[in-house]
Amino acid sequence: MLEFGSAQWGVDRILGPPVTRRGGRQGKSVAEVAHYLQVQQTSKVDLTCLGDYIARFFHHDLTHSTRENTKFYVKNGNKLAISLKAWTQQIFIRAGQDAYFGPKLDELSPDLPLDLIRFDELSWQVFYHYPLALRKEGTSLANKIRTALKHYFELPKSQRLAKAWFVEALEDECRGVGLDTEEVASQMLFLYWGINTNISKMGYWMIAHALFRPHLVDLIRNETALAFENSDIPDGEYISNVQKCPKLNAFWLECLRLASSSTALRYVTEDTIIGDKILREGHTILMSARQLHLNTSSNAFGDDAAIFEDERFLKNTHLERNLNFRPFGGGKTLCPGRHLAKYMALTFVAQVFRKFDVTLAKDQPFPAYEEDKPTIGILSGKEDLLISLRARDGRQGM
Ligand code: HEM
């Protein structure tokens, strides 16, 4: 949190004992309450409500985006094509931002999603304690995003109109332990980044895999058809239900497995012996899911662990709960947003392939995973993919 611009006194209050508490949360620090609130926000009826709101946002964006009002078209020879990377980054970040912060943040700072995209590219520098002198761009972007969030938190709550109640509830908790608006904004910067970035990369990988394996497009269209029975906006509960859409859910898990470089960071609080290793007190351990997901010797994913197999999680339905499968970390800090992440990714791809025929705008190989840059979440594609969208109902594409 310090690295994201919080002051030491702010961090002490977030991690320290609570000052004011509402029912049921006695004795918890604000950091623990934040986790609890995020779990509530993305569970049961709150999950459906927020997920459906985001699915509606996707629907609106996919229906009304044009070359003129978007920023993801790039030159392809003497024509224009859509950058899959820029498109998925922008639509997911704007959707997550709108759901969690409401439309006011966009009005205050329309370029915030673009700033976040660049900040995310540099965020590894924070976690790997890259020398401060060498991360001027990342620091300046963090300051810019924090300032926008500060202006947002200066607004009366009645003007913000966010669908999610989480941000306001956490703001109350922060202010309850004495944080001022500057410190609230620093806390929220970390969340704004966490909520928005990994998931946009999953949108990229799911579309990319489907583009290179046309049977997946048919599968998505067929399996999700009933979710569109009553509306153009899909029934997200239906789509993310493994019983109703088992193949799509297995496809999601396989994309996660191969793209995830999620890294859990843990401090050793006392000397600990594991096997023939001693972990010394005071050191930090980084554990990457990538090794676990690609490991052939553990036998979790078999000899073909390096290969994309869209039915892997369908053939072995216990695999999702295998200890080697860790895209969302584990333990007390297990990602609280994992159900919403799935809801978002699946309702997005279902809508894209229902509304459009998606093709490569020119010959391009399947992108490599960007492994040569430290990543602590979902890997980016090393290369972009230029694509074209043609509306399936005969209208002009985007
Ligand atoms: C594919 C998408 C996502 C991936 C791969 C992912 C992965 C992770 C990982 C690996 C962690 C750290 C777990 C640990 O330390 O053991 C984490 C934490 C977190 N994630 Fe996610 N996440 C995703 C989407 C989301 C979304 C959509 C949200 C919010 C709506 C979210 C909110 C959070 C929060 C608040 C934490 C911090 C939890 C804490 O320390 O209490 N994540 N995520």
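Since we're looking at a predicted model, the values are computed, not measured.

Reading guide: rules and limits
Residues numbered from 1 in each chain as written. Predicted model: local features only at pLDDT ≥ 70, side-chain atom pairs only at ≥ 80, totals over all residues. Near = placed C-beta within 6 Å. Helix = DSSP H or I, 4+ residues; strand = E, 2+ residues; numbered from the N terminus. Nonpolar A, V, L, I, M, F, W, Y, C, P; charged D, E, K, R; others polar. Axes fitted to C-alpha atoms, helices over the stretch in contact; angles between N-to-C directions. Parallel < 35°, antiparallel > 145°, perpendicular 65-115°, else oblique. Left-handed = near helix turned anticlockwise from the far one by under 90°. Contact = placed C-beta atoms within 7 Å. Buried ≥ 20, exposed ≤ 12 C-beta atoms within 10 Å, placed from the backbone. Pairing = 2+ DSSP bridges. Core = buried A, V, L, I, M, F, W, Y, C linked by C-beta atoms within 7 Å.

1. Notes on the site of the ligand
Among the 26 residues in the neighbourhood of the ligand, the closest are listed as Asn198, Ser262, Gly329, Cys335 and Gly337. Of all the secondary structure elements, the ones that give two or more residues to the shell around the ligand are helix H2 (30–41), helix H10 (181–212) and helix H16 (338–355). Among the elements that take part in the shell around the ligand, H10 stands out by supplying 6 residues, more than any other. Grouping the amino acids of the shell around the ligand by side-chain chemistry returns 13 nonpolar, 13 polar and no charged.

2. Here's the deal with the packing of helix H3 (residues 44–64) against helix H4 (residues 84–101)
It is at 10 Å that the axes of H3 and H4 come closest, and there the two elements cross at 135 degrees. Considering their axes alone, H3 and H4 lie oblique with respect to each other. The crossing of H3 and H4 is right-handed. The residues of H4 that touch H3, namely those facing Leu50, Tyr53, Ile54, Phe57, Phe58 and Asp61, are Ile91, Ala95, Asp98 and Ala99. Counted by class, the contact of H3 with H4 contains 8 nonpolar, no polar and 2 charged residues.

3. Topic: unusual backbone geometry
Backbone geometry at Lys44 places phi at a positive 45 degrees, although glycine is not the residue there. Structurally, the position occupied by Lys44 is in helix H3. A tally of 9 C-beta atoms within 10 Å means that Lys44 is categorised as exposed. Backbone geometry places Leu161, a non-glycine residue, at a positive phi of 55 degrees. With respect to the helices and strands, Leu161 occurs in the loop between helix H8 (136–154) and helix H9 (166–176).

4. Some details on the sheet that holds strand E8 (residues 386–391)
Taken together, the 4 strands give an open sheet; going across it, the order is E1-E2-E8-E7, and neighbouring strands pair in antiparallel fashion. Edge strands, defined here as strands with exactly one partner in the open sheet, are strand E1 (73–76) and strand E7 (356–360). Adjacent strand axes in the sheet meet at a mean angle of 50 degrees when their direction is disregarded. Both strand E2 (residues 79–83) and E8 contribute to a ladder of 2 bridges, which runs antiparallel. Counted as the bridge partner of Ile82 is Ile387 from E8. Across the face of the sheet, H16 comes into contact with E7 and E8 while running at roughly 95 degrees to E7.

5. Re the nonpolar core
Core analysis: the largest hydrophobic core is formed by 89 residues, its most contacted members being Ile145, Leu149, Met202, Cys255, Met344, Ala345 and Val349. Per-element accounting of this core gives the leading share, 15 residues, to H10.

6. Some remarks on the environment of Leu346
Structurally, Leu346 is set in helix H16. Between the C-alpha atoms of Leu346 and Lys382, which are 36 residues apart in sequence, the distance is 23 Å. For Leu346, the residues in contact, after removing those within four places along its chain, are Ile239, Ser240, Leu248 and Trp252.

7. Description of the pairing of E2
Relative to E2, E1 runs antiparallel, the two sharing 4 bridges. Bridge pairing in E2 places Asn76 opposite Lys79. Counted along the chain from E1 to the antiparallel partner E2, the turn is 2 residues long, and its residue Gly77 has a positive phi close to 65 degrees.

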